[in-house]
Amino acid sequence: MRLDVEDLRLFLCVADAGSITGGARQAHLALSSASGRLSAIEADAGTALLHRHARGISLTEAGATLAHHARLILQQRSQLREELQSFADGTRGTLHLYANTAALTTFLPARLGPWLAERSRLRVELLERTSADIVSAIAAGQAEAGIVSDAVDAGRLHRQPVADDPLVVLLPASHHLAAAHELAFADVLGEAFVALGDDNALQTHINEYAGAAGRPLNVRIRMKAFDGLCALVGHGVGIGIVPRAVARQHRRKTGTVAVPLGDAWARRRLCVCFAAWSALSPSMRSLLQYLGATPAER
């Protein structure tokens, strides 16, 4: 059978109304048009679907079967439309968000919660990269948007600050530099370090500046996460470089001291970064606005 949606809807209107006249009225069709379409449906089915009598119509057994399946098809079509619309308006699907280490550990956890809780059918995949790698991925069209440090040149991409994120030198309270008001990276390059893994985006960033200074870090031990790094610094194993927010989270428990890192590259802000607002998916636009971005086009 080659029935379309309007055929199914008309047939149900007639079945529910109990008459062709009433069904045509519900379907917003002229009586002659509705009668012609019903005859074509029956011809296509190869069997009678309606009993026609003076007081209206009743369904044959075949007609009742068609009505049953027509309801299921129209219900499924409506459900499909709703589900596809949820993808279109950004309340369903998978959102890939690139972020540097600081954004993943200190900024996004608290900010993502309320927004994501309101979108139960939306999944978010967080991808940790260095800020430079995120900018490159967005510029190449491999990523929609990301959260990066403003210390990185974003070229022609849009970059909007959403949070302060300076780096600090984390020291044991007994360290001879703990009383300093500010430190330069060069001041601490001779110290023993507790570092993050080489695969960590922030650590890669720090290593690059140490390499540029011609003095690779003297790393005693690498930790997988900031809590372990802060704990070992507190025990006097070495010093570390962490975002200020991380230092504040752990200072009481570890007894550490945070001294601002004065280099320009360390005085960072977290920024949302994207190429064109109109090219973003609805869910990404919603998230970036929630994080503090404003629509922008060049």
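All values reported here derive from a predicted model rather than from experimental measurement. (Residues numbered from 1 in each chain as written. Predicted model: local features only at pLDDT ≥ 70, side-chain atom pairs only at ≥ 80, totals over all residues. Heavy atoms only, no water.)

## With respect to the sheet that holds strand 7 (residues 167-172)
Then, number 1: Strands sit in the order 10-7-11 across an open sheet of 3 strands; the sheet is antiparallel. Either end of the sheet is taken by a strand with one partner, and the two such strands are strand 10 (240-243) and strand 11 (256-260). Averaged over neighbouring strand pairs, the angle between their axes works out to 40° when direction is ignored.
Then, number 2: Direction of pairing for strand 7 relative to strand 10: antiparallel, over a ladder of 4 bridges. Bridging from a neighbouring strand, V169 pairs with I241 of strand 10. (Pairing = 2+ DSSP bridges. Helix = DSSP H or I, 4+ residues; strand = E, 2+ residues; numbered from the N terminus. Axes fitted to C-alpha atoms, helices over the stretch in contact; angles between N-to-C directions.)

## Digging into helix 11 (residues 282-291)
Then, number 1: When helix 11 is considered as a whole, its buried residues turn out to be S283, M284, L287, L288 and L291. Viewed end-on, helix 11 has its buried residues packed into an arc of 125°, placing them on one side of the element.
Then, number 2: Residue G292 follows helix 11 closely and has a positive phi angle near 125°. (Buried < 20%, exposed > 50% of the residue type's maximum accessible area, 1.4 Å probe, protein only. Arc of directions from axis to C-beta.)

## A closer look at unusual backbone geometry
Then, number 1: For H28, which is not glycine, the phi dihedral falls at a positive 60°.
Then, number 2: Of note, H28 is situated in the loop between helix 2 (20-26) and helix 3 (31-45).

## Here we look at the packing of aromatic side chains
Then, number 1: All chains considered together, the criterion is met by 3 aromatic pairs.
Then, number 2: Centre to centre, the rings of Y209 and W265 are 4.2 Å apart; their planes meet at 10°, and the pair counts as stacked. Taken as a pair, Y209 in helix 8 (residues 201-212) and W265 in the loop between strand 11 and strand 12 (269-274) lie far apart in primary sequence, 56 residues in all.
Then, number 3: Consider the rings of F274 and W277, whose centres lie 5.4 Å apart with planes at 70°: the pair is edge-to-face. (Phe/Tyr/Trp six-rings, centres within 6.5 Å; stacked < 30°, edge-to-face > 60°.)

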